[in-house]
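Close look at the chain arrangement
Residue strings, one per chain:
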Amino acid sequence: MIETVSFWKILWEYCRQRRKLLCLLLVLAAINGFLFAVYHLEWEALWYMLLLWAVVGLIAAVIDFWLFYSRHKKLESLRANIRYTLEELPQPRNLIEADYDDALRAVFSEKQRVESAADQEKGAMLEYYTLWAHQIKTPIAALRLLLQSEETEWSRDALAELFRVEQYVEMVLSYLRLGSTTNDFVIQEYPLEGIVRQAVRKYAPLFIRKKIQLEMEPLPSKVLTDEKWLCFVVEQILSNALKYTPKGKITIREEPGKALVIEDTGIGIAPEDLPRIFEKGFTGRNGREDKRATGLGLYLCREVLQKLSHKMRIDSQPGKGTQVRVLLNQVELGKE
């Protein structure tokens, strides 16, 4: 955010910069007064001369201040675009300003070179990890087929862990997509219940395995959103609810105003952790005890919802459970 300098502050700065010239004029006026006194000249002539100096000096000062003020305003308006170009910088008026201009352009050129190198390196890294995330899906799918051919307790345990691996891979892909300069958002109206049921079906084996009861009320609303990304958010919320609910139930309902509520009866979140749960990499007390938390799930949820113009609020009490509200009426995007 660019802070605008007030007119009076600019005027004060102008006077401060011109203080040496003002002092010189006062010294010259004092010398003239001394000479008039020594040679016994008419004081009336001195007053006329000082008045003439004052009028000419005032006109020159007003013109000079206007140029100073205009130059400052132009530079102030350029601060927002200085990252992209220096072409609109005012021309230097003297040697010192020319030296500053050359130094600024040299720094800007080096900054562009460093940013270009960093962007290329980041692009290569994103390309590699995206390729890796897609390639790793092939052995995961093959392993799933092998495990599904058996019906043993060991194979069911292995399938559950494999499901966790798949979720981490999906999280990596989502993280990479959000960090890219392009996006694949498709904004249109979708039935909320259809999106939620996709996530519920995906986590159905975990509900059964952990013996967690699911209560899902009708979700009649249609929401203006992106189906895939909102489904990702719901999946992350359900994943956290299942992870931190050793027993009990998870309730999904809709409140007035298109607010999707997902509530669990799990271990809850410590009060001191609540203000930081959306921070990147923050795991909190529960994550430190779990040892496997990444601190990315809720961070990604917040980033996705911000891009979709939705909001998210979490209320929780330790030992009583957590209530997550996704506010879906906060949309200012046009349909495609």
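This one's a predicted model, so the numbers in the text were calculated from it and none came from an experiment.

Here the focus is the overall build of the protein. Counting its secondary structure elements, the protein contains 9 helices and 7 strands. Taken over the C-alpha trace, the protein has a radius of gyration of 34 Å; the compact-globule value for 336 residues is 20 Å, which it surpasses by more than 25%. Looking at the protein as a whole, 32% of its 336 residues qualify as buried. A sequence separation of at least 24 residues applies to 66% of the contacts in the protein between residues at least 6 apart. Accessible surface, the protein as shown: approximately 21,800 Å² in total, 61% of it carbon and sulfur. Across the protein, 46 positive and 45 negative side-chain charges occur, with their mean positions spaced 4 Å apart.

What follows concerns the nonpolar core. Ranked by size, the top nonpolar core spans 46 residues in total, and within it Leu 238, Leu 260 and Met 312 carry the most contacts. Counting residues per element, this core draws most heavily on helix α7 (residues 227-243), which supplies 10 residues. Residues within four places of Leu 260 in sequence aside, it is in contact with Leu 192, Val 196, Leu 219, Val 234, Ile 252, Arg 253, Val 324, Arg 325, Val 326 and Leu 328.

This part covers the environment of Leu 328. In this fold, Leu 328 is placed in the segment after β7 (321-327). You can call Leu 328 buried: its relative accessible area is 2%. In the structure, Leu 328 is positioned 286 residues away from Glu 42 in sequence and 86 Å away in space, judged by C-alpha atoms. Leave out the neighbours within four places in its chain, and Leu 328 touches Leu 192, Val 223, Leu 230, Lys 258, Leu 260 and His 310.

The subject of this paragraph is the packing of helix α6 (residues 192-210) against α7. Packing of α6 against α7 brings their axes to within 9 Å, and their N-to-C directions diverge by 30 degrees. On the basis of the axis angle, α6 is roughly parallel to α7. Judged by the sense of rotation from one axis to the other, the crossing of α6 with α7 is right-handed. Contacts between α6 and α7 pair Leu 192, Ile 195, Gln 198, Ala 199, Val 200, Lys 202, Tyr 203, Leu 206, Phe 207 and Lys 210 from the former with Glu 227, Leu 230, Cys 231, Val 234, Glu 235, Leu 238, Ser 239, Leu 242 and Lys 243 from the latter.

Moving on, we come to the packing of α7 against helix α9 (residues 297-307). Two numbers describe how α7 lies on α9: the axes approach to 10 Å, and their chain directions differ by 155 degrees. One way to sum up the angle between α7 and α9 is to call them roughly antiparallel. As for the relative orientation of α7 and α9, their crossing is left-handed in sense. Of the residues in α9, those in contact with Trp 229, Leu 230, Phe 232, Val 233, Gln 236 and Asn 240 of α7 are Gly 297, Leu 298, Leu 300, Cys 301, Val 304 and Leu 305. Across the contact of α7 with α9, the residue classes break down as 9 nonpolar, 3 polar and no charged.

This part is about the confidence of the model for the protein. Summarising the model, the protein shows a mean pLDDT of 83, and 91% of its residues fall at 70 or more. A low-confidence stretch, residues 331-336 stays under pLDDT 50, and its non-local contacts, those more than four residues away or across chains, total 17 contacts.

Locating Gln 323 in the fold gives a position in strand β7. Residue classification places Gln 323 among the buried residues on the basis of a relative accessible area of 14%. Side-chain polar atoms of Gln 323 contact the side chain of Arg 325, separated by 2.3 Å. Those residues in contact with Gln 323 that sit more than four places away from it in its chain are Arg 253, Val 261, Ile 262, Glu 263, Arg 313, Ile 314 and Asp 315.

Now for unusual backbone geometry. Despite not being glycine, Lys 211 has its phi angle at roughly 60 degrees, a positive value. Along the chain, Lys 211 falls in the loop between α6 and β2 (213-216). The class for Lys 211 is exposed, based on a relative accessible area of 71%. One non-glycine residue, Ser 309, adopts positive backbone phi at about 65 degrees.

Turning our eyes to something else, we now look at the sheet that holds strand β6 (residues 311-317). Across the sheet, which stays open at both edges, the 5 strands sit in the order β2-β4-β5-β7-β6 with mixed pairing between neighbours. The sheet is open, and its two edges are formed by β2 and β6, each paired on a single side. Direction aside, the axes of adjacent strands within the sheet are offset by 15 degrees on average. As defined by bridge partners, strand β4 (residues 249-255) adjoins strand β5 (residues 259-264) across 6 bridges and the pair is classed as antiparallel. Paired with Ile 250 across the two strands is Asp 264, which belongs to β5. Packing of α6 onto the sheet brings it into contact with β2, β4 and β5, and relative to β2 it is tilted by some 175 degrees. Each of β6 and β7 touches α9; the most contacted strand, β6, lies at about 145 degrees to it.

Rules behind the numbers
- Residues numbered from 1 in each chain as written.
- Predicted model: local features only at pLDDT ≥ 70, side-chain atom pairs only at ≥ 80, totals over all residues.
- Heavy atoms only, no water.
- Helix = DSSP H or I, 4+ residues; strand = E, 2+ residues; numbered from the N terminus.
- Rg over C-alpha atoms; globule rule 2.2 N^0.38 Å.
- Buried < 20%, exposed > 50% of the residue type's maximum accessible area, 1.4 Å probe, protein only.
- Contact = heavy atoms within 4.5 Å.
- Areas by Shrake-Rupley, 256 points an atom, 1.4 Å probe, with all protein chains shown as cover.
- Lys, Arg positive; Asp, Glu negative; His and termini not counted.
- Charge placed at Lys NZ, Arg CZ, Asp CG, Glu CD.
- Core = buried A, V, L, I, M, F, W, Y, C linked by side-chain atoms within 4.5 Å.
- Axes fitted to C-alpha atoms, helices over the stretch in contact; angles between N-to-C directions.
- Parallel < 35°, antiparallel > 145°, perpendicular 65-115°, else oblique.
- Left-handed = near helix turned anticlockwise from the far one by under 90°.
- Nonpolar A, V, L, I, M, F, W, Y, C, P; charged D, E, K, R; others polar.
- pLDDT = per-residue confidence, 0-100.
- Polar contact = N/O pair within 3.5 Å; in protein donor to acceptor, adjacent residues only side chain to side chain.
- Pairing = 2+ DSSP bridges.

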